[in-house]
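Chains, contacts and geometry: an overview
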Amino acid sequence: MKQEQVLELLKQMTLGEKVGQLIQVLGEDFLRDNVDITTGPLRELNLSNEDLYNVGSILNVVGSENIRKIQDEYLAKNRLKIPLLFMADIINGYKTVLPIPIAQGCSWDTNIVYDCAKLSIEEGKVAGANVNFSPMVDLVRDARWGRVMESIGAEDPYLGEVFAKTIVQAYQGKDELNSKNVAACVKHFAAYGAVEAGRDYNTVDMSEREFRQYYLPAYKSAIDSGAKMIMTSFNTVNGIPSSVNKWLLRDLLRKELGFKGIIISDFSAIEETIAHGVSIDSKDAAYKAITAGVDIDMMSRAYSNNLKNLVKEGKVSEELLDESVLRVLQLKNELGLFENPYGNANAEAEKRILMSKENLNKARKLTADTLVLLKNENNILPLKKCNKIALIGPYADNIGILGSWSIFSEGVKIPTLKETFENKVGKDNILYSKGSEILKEKDINRILLADGKKPIHLENEEENEKKYVKEAIETAKNSDIIILAIGEHYKQSGEACSRANIEIPRIQQNLLNELSKLNKKIVAIVFSGRPLVLKDISEKVNAVLEVWFPGVEGANAITDVIFGDINPSAKLTMSFPQDAGQCPIYYNHYNTGRPQRGDFRFVSRYQDIPTESYYPFGYGLSYSKFIYSDLKISNKKMSKDSKIIVAVKVKNDSNVEGAEVVELYIQDLVASVVRPVRELKAFTKVHLSAFEEKTIEFEITVEMLKFWNEKLEYKAESGKFKIFVGTNSKDTLEEVFEYE
Ligand code: GLC
């Protein structure tokens, strides 16, 4: 439709129809034969049947058959034939589930991140999704928070900016959004990753300077890349919950950042402002949210129960309401839904591409580049194929490796490590033993009960625990090497999965303690949605491969790396702590007035554990051996109109070709506010053949030196700077220069 037709449509709408466009409900109720508004979540919303056929969008129902059924029924009952918008959480894959976002970010490769996002959205769109609740770009520093698994940039603002843009472009295309694309909804605005103590939905409080320096850049990058929607977060920002925060939404988002898209609240977040203690009741919450600028109320009663009255009572102007409604109608129009209400839903395409061989092959290659090799003593990896391998542990023959946002792929058939190892080296060379459960019954039931699921009962749990260990010991005795597949349960990370103890479950540590008495070589494959405390594991094994939750092709990709068909190149985007007590811990910290020096007592340190992380940001090993040398800078001084060319030689001093992520950091040595000991400012992945050496160059510009100062100006200040170039955030070559 033309813009004037959209405006004409708005004029024809009744107040009830306008309010309807600003309401989003779960789609599952539309799937029932007669939509049942008397039970389930819809009952809570007090929606009448008439209301229901005026809601603007539904979430998390897709599948071309469902889309057609729901849309047909809806349009038959919607007076003005305004199509429904279908939104979904296709976070790391629709049917072909890919590695969780934090893993994808560990590729340090925009091509990998783009290809993952593209594969996900191509499947999601033929299933009928019009909007994807992605990318999640929250900066994260606390591994106790379960949602670090979703963060594409994790601990670093620059990675967040780069990958936010990459994903938005993968979903929406690099030009104007059209009907062949899917709209991106960047989330969660804002600073949700900074919840105190890593406890989900907890308070967030920080200076505006800190917020602008670290948390804002990735959201801004998504907006500047054209993201059509943004989701408000559950938390407070400067004492006011995001969904009713005028400064955040009107002054910063709309005015300063120029965001013209739709603002949608997170699930029930508007009414949660009552619990926060800033709204008296649902009506007050609705008033505060619409005046703060939230367009769509996701699954709370605030808008459905109050907006009409607020307008009738003159408390909310119809013009204000119209602004929100128009944004919703415009997005539907940009997506071509008025002409084709089914969007890209296509049953034939679903059959052809969902988990197609082509997509699975792509997934396998993409996944390998997200696996981080953390330890490889005496190059025990890659394995020689002739070994008798004891494959032991609860993840050795387990398909629960898709992560917590695999809601559209439950029940898909995927290979397990046992199968892919056997395919690789023959059944006779793989001696399998379960070794242990992932968790004890009481721990898994705590998770299931919180999910509203029935508890399980592990028959003879104690005896079986001993039996599994005994069998594992016997199996291991007949092997040349032990591959131990361990990790946290996939339901221990994700939303509402904060944990105070972020070690490998005790039951699995007991298994390792017994196996380590055999004095055999052990390789640990670790499945997790977050950085875990791996100290006690790593000290007992010869190699550690962090595989996160690697998705449907995870077992194949892990096998490709373990046996050397693929040389690992991934690097951590989040620090692995020595102990949960260190959290939040991050590489770009301030020096403090008492940085650690030796064992001197009166410095910023812990008495009982080391201060630095166990595995640092940017760290990851390869089967190749990369040597850095000859760091040179083109000039020792630079001004605002000049730049510095940084050159460094990187040699692959091995006979194994491989890829190396070269990282460049800068430290502002003296400034008007404290500045981090180093900040990532550039990176590149270089492919080197055996014994090949390349010179890698970076440009340093004044843009890289800018920061938010005390007056909240974004400027560079003259003075001395340090450059660090290397293989991670610690092992670097250094140079200094002066900015005048
Ligand atoms: C959830 C999550 C958000 C998700 C939304 C819709 O509560 O916080 O990330 O997109 O609800 O499922």
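Residues numbered from 1 in each chain as written. Predicted model: local features only at pLDDT ≥ 70, side-chain atom pairs only at ≥ 80, totals over all residues. Heavy atoms only, no water.

1. Observations regarding the overall build of the protein chain
Put simply, the test is: Labels follow the DSSP assignment, with helices taken as runs of H or I lasting at least four residues and strands as runs of E lasting at least two, numbered in each case from the N terminus. In this setup the radius of gyration rests on C-alpha atoms only. A globule is expected at 2.2 Å times the number of residues raised to 0.38. Each residue's exposure class comes from its accessible area (1.4 Å probe, protein chains only) as a fraction of the maximum for that residue type: buried when under 20%, exposed when over 50%, partly exposed otherwise. The contact criterion used is simple: two residues touch if any of their non-hydrogen atoms lie within 4.5 Å. All accessibility values rest on the Shrake-Rupley procedure with a 1.4 Å probe; residue burial counts only the protein chains present in the view. Within this scheme the basic residues Lys and Arg register as positive and the acidic residues Asp and Glu register as negative, but His and the chain ends are omitted. Here the site of a charge means NZ on Lys, CZ on Arg, CG on Asp, or CD on Glu.
When its secondary structure is counted, the protein chain shows 22 helices and 26 strands. For 740 residues, the compact-globule formula gives about 27 Å, and the C-alpha radius of gyration of the protein chain, at 27 Å, lands near that figure. If you line up the protein chain on its principal axes, its C-alpha atoms span 75 × 70 × 45 Å. Looking at the protein chain as a whole, 62% of its 740 residues are labelled buried. If you take every contact in the protein chain between residues at least 6 apart in sequence, the share linking residues at least 24 apart comes to 77%. Surface exposure of the protein chain reaches about 28400 Å², of which carbon and sulfur atoms provide 49%. For the protein chain, the distance from the average site of its 95 positive side-chain charges to the average site of its 105 negative ones is 2 Å.

2. Let's talk about helix 8 (residues 157-172)
Defined as follows: Multiplying one less than the number of residues by 1.5 Å gives the expected span of a helix. Pairing of N or O atoms within 3.5 Å defines a polar contact, subject to two protein rules: one partner must be a possible hydrogen donor and the other a possible acceptor, and residues neighboring in sequence count only if both atoms are side-chain atoms.
With 16 residues, helix 8 should reach 22 Å at 1.5 Å per residue; the first-to-last C-alpha distance of 22 Å fits that figure. Counting buried positions along helix 8 gives 13 out of 16 residues, so the element sits mostly inside the fold. Where helix 8 begins, the capping side chain belongs to Asp-156, and its oxygen is found 2.8 Å from the backbone nitrogen of Tyr-158.

3. Section: the packing of aromatic side chains
Rule in force here: Working definition: a ring pair exists when centres of Phe, Tyr or Trp rings (six-membered ring for Trp) sit within 6.5 Å. Plane angles under 30 degrees give stacked, over 60 give edge-to-face, the rest tilted.
Under the criterion given, the structure shown has 25 aromatic pairs. Ring geometry for Phe-30 versus Tyr-53: centroids 6.1 Å apart, planes at 80 degrees, classification edge-to-face. Of this pair, Phe-30 sits in the loop between strand 1 (23-26) and helix 3 (40-44) while Tyr-53 sits in the loop between helix 4 (49-52) and strand 2 (57-59), and the two are 23 residues apart along the sequence. No difference in accessibility class separates Phe-30 from Tyr-53, as the two residues are buried. Taking the centre distance of 5.2 Å and the plane angle of 90 degrees together, the rings of Phe-189 and Tyr-219 count as edge-to-face.

4. Focus on the pairing of strand 13 (residues 430-433)
What counts, and what does not: Two strands qualify as a pair provided DSSP detects at least 2 bridges between them. Throughout, right-handed denotes a crossover for which the path from the first strand over the helix to the second runs clockwise when the strands point away from the viewer.
The sheet contact formed by strand 12 (residues 389-392) and strand 13 spans 4 bridges and is parallel. Residue Ala-390 lies in a different strand from strand 13, and its bridge partner there is Leu-431. Viewed along the sheet, the connection from strand 12 through helix 17 (residues 417-425) into strand 13 turns out right-handed.

5. What about empty space enclosed by the protein?
Note the following rule: In this analysis, the protein atoms alone were mapped onto a 1 Å grid. Cavities are point sets where a 1.4 Å probe fits without being able to get out; pockets are open sets with protein on both sides within 12 Å along at least five of seven lines; lining residues have an atom within 4 Å of a point. Grid points are joined across faces, edges and corners, and a volume is the space filled by probe spheres set on the points. Each residue is assigned to one class: nonpolar for Ala, Val, Leu, Ile, Met, Phe, Trp, Tyr, Cys and Pro, charged for Asp, Glu, Lys and Arg, and polar for all the others, Gly among them.
Scanning the entire structure with this criterion turns up 2 cavities of 30 Å³ or more. Size it by volume and the largest cavity reaches roughly 70 Å³. Taken together, 13 residues line the largest cavity, and the ones lying closest to its centre are Ile-91, Pro-101, Ser-134, Ile-167 and Tyr-171. Here the lining of the largest cavity gets 3 residues from one element, more than from any other, and that element is helix 7 (residues 110-126). Among the residues forming the lining of the largest cavity, the class breakdown is 9 nonpolar, 3 polar and 1 charged. Estimated volume of the second largest cavity: approximately 30 Å³. Taken together, Val-137, Asp-138, Leu-139, Gly-153, Ala-154, Asp-156, Pro-157, Gly-160, Tyr-214, Tyr-215 and Ala-218 make up the full set of residues lining the second largest cavity. Secondary structure elements with two or more residues in the lining of the second largest cavity: helix 8 and helix 9 (208-224). Of all the elements, helix 9 adds the most residues to the lining of the second largest cavity, at 3 residues. The class makeup of the residues in the lining of the second largest cavity is 7 nonpolar, 2 polar and 2 charged.

Interpretation in functional terms is not warranted from these geometric data alone.
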